[in-house]
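As a plain string of letters, each chain reads:
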Amino acid sequence: SRGAVAVLLYRGLSDSDWADRMSVRRFRLHILALKQAGFKFLTPEELPDYFASLERPEDDLDEHRPDRAVIVTFDHADAKTLALATEVADDFDLKFAMHVSVGRVEDGDMGVAGWDALREYSRTGHWSFGSMLYDAANLAVVAEDGLLGSSLANRIWLSEDEALEQPLAYSKRLRFEYRESRDLLREKLGPEFSANFMAYPHGDFGQGERSNVSDAIDQNLNEAAVNYEVGFIQSQFGFAVNGDNSLLYQRYAPELFDTGEDVVDHILSSHPVFLARRLRCEISALSGRLYRARHNLELLRRDGYPERPYELAAAFV
């Protein structure tokens, strides 16, 4: 109730409905549905000030009405995605966020926008740019048997030495990933881009299933904290919640064939306040306090809880 902003992740856009990435037609319908549902569009740079501007929640939390705010983010600086998304942003007069894999831009990887193109897009006023670090988006060999894994979560297997990189070398590499990507973004795009936000490639920096570094989480968060104000991981819930660690805000990636209604329903159903009220409905019903369950149903209805999940909750009660 102190403030929660939905964060959406799109890994890329296509002009085809049958590609292996979100079609721009469906993406446009997502944006339209969010606008029609009354969502305010923010960028990651605006998050700290937005949260600071919110008033403290009422003492009577039944009176609290959740705000509707969303951030739309992309990853990797794919040239085709930038072109398609800019058209949508221009049509709706919006600003999206792009996490740039800086090493891929520096290397001139095929399909990735170059620095000149990124500067052109920055001048449209429809983009804010953050970091997806330098080379961390590329999986690395992390064991002698050739196993691939996150280079943030693991020391890399050095085949020429037939050994894992030394702990000190791992720490220096992390420092380079976080700092060099930020500094290059600022240098190449101009001083108006603070590049104060980032996303962890693959959402994994040691909290996943495999890591050969015992303190990978601490080391990554320390480096992130030195260089950035806001960081994103992947999550099924997908909310940046005021009061959470600002380097661990969550993003949700809509499914390939989701409709606009699907996206709005998922966001609202996952809002922490609505989650709490839905849980109270169910607990109250199970404990026989139907008056309390119905009261929370009324609050859900009053504040615009989506129709499909509302019907499920009402049927349960």
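Keep in mind that this is a model prediction, so the values were computed, not measured. Residue positions are counted from 1 within each chain, in the order its sequence is given. In view of the model being predicted, local features appear only for residues whose pLDDT reaches at least 70, and side-chain atom pairs are presented and counted only at 80 or more, with totals across whole chains, interfaces and linings using the full set of residues. Side-chain measures were taken over the full set of non-hydrogen atoms in the model, leaving aside hydrogen atoms and water.

**Remarks on the environment of E180**
The condition is simple: In DSSP terms, a helix is any run of H or I states spanning at least four residues, a strand is any run of E spanning at least two, and both are numbered starting from the N terminus. For this analysis, residues touch if any pair of their heavy atoms sits within 4.5 Å.
Turning to its location among the elements, E180 is positioned in helix α6 (residues 167-189). When residues no more than four places from it in sequence are discounted, the contact partners of E180 are Y134 and R175.

**Quick notes on helix α3 (residues 79-92)**
Spelled out, the test is: Residue count minus one, scaled by 1.5 Å, sets the expected span of a helix. Each residue's exposure class comes from its accessible area (1.4 Å probe, protein chains only) as a fraction of the maximum for that residue type: buried when under 20%, exposed when over 50%, partly exposed otherwise. Within 3.5 Å is the distance limit for a polar contact, defined as a pair of N or O atoms, with the added protein rule that one can donate a hydrogen and the other accept it, and that residues adjacent in sequence qualify only through two side-chain atoms.
Taking 1.5 Å per residue as the helical rise, α3 with its 14 residues ought to reach 20 Å, and the 20 Å between its terminal C-alpha atoms agrees with that figure. The set of residues buried in α3 consists of T81, L82, L84, A85, T86, V88, A89 and F92. Packing partners of the buried residues in α3 comprise β2 (13-14), α1 (24-36), β5 (69-75), β6 (96-100), α5 (115-122) and β7 (127-131). Capping of α3 at its N-terminal end is provided by D78; its side-chain oxygen lies 3.3 Å from the backbone amide nitrogen of K80.

**Observations concerning helix α9 (residues 272-286)**
The condition is simple: The arc under discussion is defined with respect to the helix axis, by the directions toward the C-beta atoms.
Helix length check: α9 (15 residues) gives 21 Å between terminal C-alpha atoms against 21 Å at 1.5 Å per residue, within 8%. Turning to α9, its buried residues number three or more, namely V273, F274, R277, R278, C281, S284 and A285. Relative to the axis of α9, the buried residues are bounded by an arc of 135° and lie together on one face. Residues of α9 that are buried sit in contact with α8 (260-270), α10 (290-302) and α11 (307-316). One or two positions beyond α9, positive phi appears at G288, with a value near 85°.

**Observations concerning a negative patch on the surface**
Worth spelling out the cut-off: Patches in this entry comprise residues that are over 30% relatively accessible and not in a salt bridge; like charges within 9 Å are linked, as are nonpolar side chains (Val, Leu, Ile, Met, Phe, Trp, Tyr) within 5 Å. Note on areas: these come from Shrake-Rupley sampling with a 1.4 Å probe, and a residue is covered only by the protein chains present in the view. Only one rule defines a salt bridge in this text: a Lys or Arg side-chain nitrogen within 4 Å of an Asp or Glu carboxyl oxygen. Only four residue types enter the charge count: Lys and Arg as positive, Asp and Glu as negative, with His and the chain ends excluded. The atom standing in for a charge is NZ when the residue is Lys, CZ when it is Arg, CG when it is Asp and CD when it is Glu.
Together, E55, E58, D59, D60 and E63 line one region of the surface with negative charge. The topology assignment puts D60 in the loop between α2 (47-53) and β5.

**Observations regarding the pattern of salt bridges**
Under the definition given, this model contains 20 salt bridges. Measuring nitrogen to oxygen at the nearest pair gives 2.5 Å for the salt bridge that ties R173 to E165. Taking the relative accessible area as the measure of exposure, R173 reaches 16% and is therefore buried. Assessed through its relative accessible area of 7%, E165 is described here as buried. Among the ionic pairs, E223 bridges to R175, the shortest N-O distance being 3.5 Å. Highlighted residues: E223 in helix α7 (residues 216-227) and R175 in helix α6, separated in sequence by 48 residues. Classification of E223 by relative accessible area gives buried; the value is 13%. Under the relative-accessibility criterion, R175 is labelled partly exposed at 34%.

**A few points about the nonpolar core**
Put simply, the rule reads: We call a set of buried residues a nonpolar core when its members are Ala, Val, Leu, Ile, Met, Phe, Trp, Tyr or Cys and they connect through side-chain atoms within 4.5 Å of each other.
Within the largest apolar cluster, 57 residues are counted, with the highest numbers of intra-cluster contacts made by F27, F74, F96, L118 and F129. The greatest single-element share of this core, amounting to six residues, is contributed by α3.

**Topic: a nonpolar patch on the surface**
Taken together, the side chains of L139, V141 and L148 make up a nonpolar region of the molecular surface, amounting to roughly 250 Å² of accessible area. Tracing the backbone through its elements, the reader meets L148 in strand β9 (residues 148-149).

**Topic: the packing of aromatic side chains**
This is how it is decided: In summary, the pairing rule links any two rings of Phe, Tyr or Trp, Trp by its six-membered ring, whose centres are within 6.5 Å, and it sorts them by plane angle into stacked for under 30 degrees, edge-to-face for over 60 and tilted for everything else.
Scanning all chains against the criterion turns up 15 aromatic pairs. Between the aromatic rings of W18 and F257, the centroid separation amounts to 6.2 Å while the plane-to-plane angle is 50°, which identifies the pairing as tilted. Residue W18 is located in the loop between β2 and β3 (22-23), and its partner F257 is located in the loop between β15 (249-251) and α8; the two are separated by 239 residues in the primary sequence. Among the residues examined, W18 registers a relative accessible area of 73% and is labelled exposed. Taking the centre distance of 6.0 Å and the plane angle of 75° together, the rings of F96 and W127 count as edge-to-face. Of the two residues, F96 is situated in strand β6 and W127 in strand β7; the sequence distance between them amounts to 31 residues. This pair shows no difference in class: F96 is buried, exactly as W127 is. Of the aromatic side chains, those joined through ring pairs into one cluster are Y10, F27, F74, F96, W127, F129 and F193.

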